[in-house]
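So the chains spell out like this:
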Amino acid sequence: MQLFIGNKNYSSWSLRPWLLMTHTGIAFDEVKLRLGCTPESEFKQRVANHSPAGRVPILIDEGFAVWDTLAIAEYLAEKYAQKHLWPAAPLLRARARSLCAEMHAGFGALRNHCPMNIEASLPEIGARVIAEQADVRSDLQRIEQMWAEQLDKQGGPFLFGEFSIADALNEHDFIDFDEPYRKAPV
């Protein structure tokens, strides 16, 4: 099994299935591609060989390509049912899927104004963006609300008690919610 990804520091889409597979011990070969935007870039050429979407991540298993983080997660949950990648209870599983779908499709303002860079510490820039962008504050408040509510309900240490797809796709362990945005005017 191969997982084609971009840079885990800058690409949350690449990081998510990598986290899921690494944390749960699913064996895979990591194929890192240097991100590139032009049609003639090596990235676009290699990705086009496996995915009509033209983006990473891409999971190749038995010569079959699965792309998109949610599709990869669902495929792995079915293939490795014994690993219990979703919560066992139907209502919790539905809630986990809802949180994943919201994280996957939502928060456009946050993505637009705060591109991912795990290695950077730019508190003054973050504070300025939060102060100037009400939609970013709203996105951050919603993320914190959904994670805090779920952690409170399940008691942690992960969103549904035990590590699941929801943790990998929501990446809450990587975001440090400091106080600045809470103090910003809403």
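Participant: Before we move on, can you summarise the environment of Asp-68 with the specific residues and values?
Facilitator: Mapping Asp-68 onto the fold places it in the loop between strand S4 (64-67) and helix H3 (69-79). In this structure the C-alpha to C-alpha distance between Asp-68 and Pro-87, which are 19 residues apart in sequence, comes to 21 Å. Residues in contact with Asp-68, not counting those within four places in the same chain, are Pro-57 and His-104. A polar side-chain atom of Asp-68 sits 3.0 Å from the main-chain amide nitrogen of Leu-70.

Participant: Describe the packing of helix H4 (residues 90-105) against helix H7 (residues 134-154), listing the residues and the values that go with them.
Facilitator: For any two helices packed against each other, the geometry is given by the interaxial angle and the distance between the axes. Their axes nearest at 11 Å, the elements H4 and H7 cross at an angle of 160°. It follows from the interaxial angle that H4 and H7 lie roughly antiparallel. Seen along the crossing, H4 lies across H7 with a hand that is left-handed. Between H4 and H7, the residues in contact are Leu-92, Arg-95, Leu-99, Glu-102 and Met-103 and Arg-142, Ile-143, Met-146, Trp-147, Gln-150, Lys-153 and Gln-154, respectively. Residues of the contact of H4 with H7, tallied by class, amount to six nonpolar, two polar and four charged.

Participant: Residues and numbers for the pattern of salt bridges, please.
Facilitator: By the definition in use, this model includes seven salt bridges. We note a salt bridge from Glu-132 to Arg-128, for which the minimum N-O separation is 3.8 Å. Remark: Arg-128 and Glu-132 occur in helix H6 (residues 123-132); sequence separation between them is four residues, near one turn of the helix. The exposure class of Glu-132 is exposed, given its relative accessible area of 52%.

Participant: I'd like a rundown of the environment of Ala-88, residues and numbers included.
Facilitator: Among the secondary structure elements, Ala-88 is positioned in the loop between H3 and H4. Among the residues examined, Ala-88 registers a relative accessible area of 68% and is labelled exposed. In this structure the C-alpha to C-alpha distance between Ala-88 and Phe-160, which are 72 residues apart in sequence, comes to 10.0 Å.

Participant: How would you explain the sheet that holds S4 if you had to name every residue and give the values?
Facilitator: In spatial order, the strands read S2-S1-S3-S4; together these four strands make up an open sheet with mixed pairing. The sheet is open, and its two borders are formed by strand S2 (29-32) and S4, each paired with just one other strand. Shown here is a sheet whose adjacent strand axes are inclined to one another by a mean of 20°, direction ignored. Where strand S1 (residues 2-5) and strand S3 (residues 58-61) come together, three bridges link them in antiparallel fashion. Paired with Phe-4 across the strands is Ile-58, a residue of S3. Lying on the sheet, helix H1 (residues 12-24) is in contact with S1, S2 and S3; it crosses S1 at an angle near 150°.

Participant: Could you give me a rundown of the packing of aromatic side chains, with the residues and numbers involved?
Facilitator: If you walk through the whole model with that rule in mind, you get one aromatic pair. Ring geometry for Phe-158 and Phe-163: centres 5.4 Å apart, planes at 85°, overall edge-to-face. Note that Arg-16 overlies the ring of Trp-13, its terminal NZ or CZ placed 4.5 Å from the centroid.

Participant: Tell me about the confidence of the model for the chain, residues and numbers included.
Facilitator: Confidence in the prediction of the chain, expressed as mean pLDDT, is 87, and 91% of residues score 70 or more. Low pLDDT, under 50, characterises residues 172-186; the stretch is placed with 25 contacts to residues that sit more than four places away or in other chains.

Quick notes on the rules
Residues numbered from 1 in each chain as written. Predicted model: local features only at pLDDT ≥ 70, side-chain atom pairs only at ≥ 80, totals over all residues. Heavy atoms only, no water. Helix = DSSP H or I, 4+ residues; strand = E, 2+ residues; numbered from the N terminus. Contact = heavy atoms within 4.5 Å. Polar contact = N/O pair within 3.5 Å; in protein donor to acceptor, adjacent residues only side chain to side chain. Axes fitted to C-alpha atoms, helices over the stretch in contact; angles between N-to-C directions. Parallel < 35°, antiparallel > 145°, perpendicular 65-115°, else oblique. Left-handed = near helix turned anticlockwise from the far one by under 90°. Nonpolar A, V, L, I, M, F, W, Y, C, P; charged D, E, K, R; others polar. Salt bridge = Lys/Arg side-chain N within 4 Å of Asp/Glu carboxyl O. Buried < 20%, exposed > 50% of the residue type's maximum accessible area, 1.4 Å probe, protein only. Pairing = 2+ DSSP bridges. Phe/Tyr/Trp six-rings, centres within 6.5 Å; stacked < 30°, edge-to-face > 60°. Lys NZ or Arg CZ within 6 Å of the ring centre and 35° of its normal. pLDDT = per-residue confidence, 0-100.

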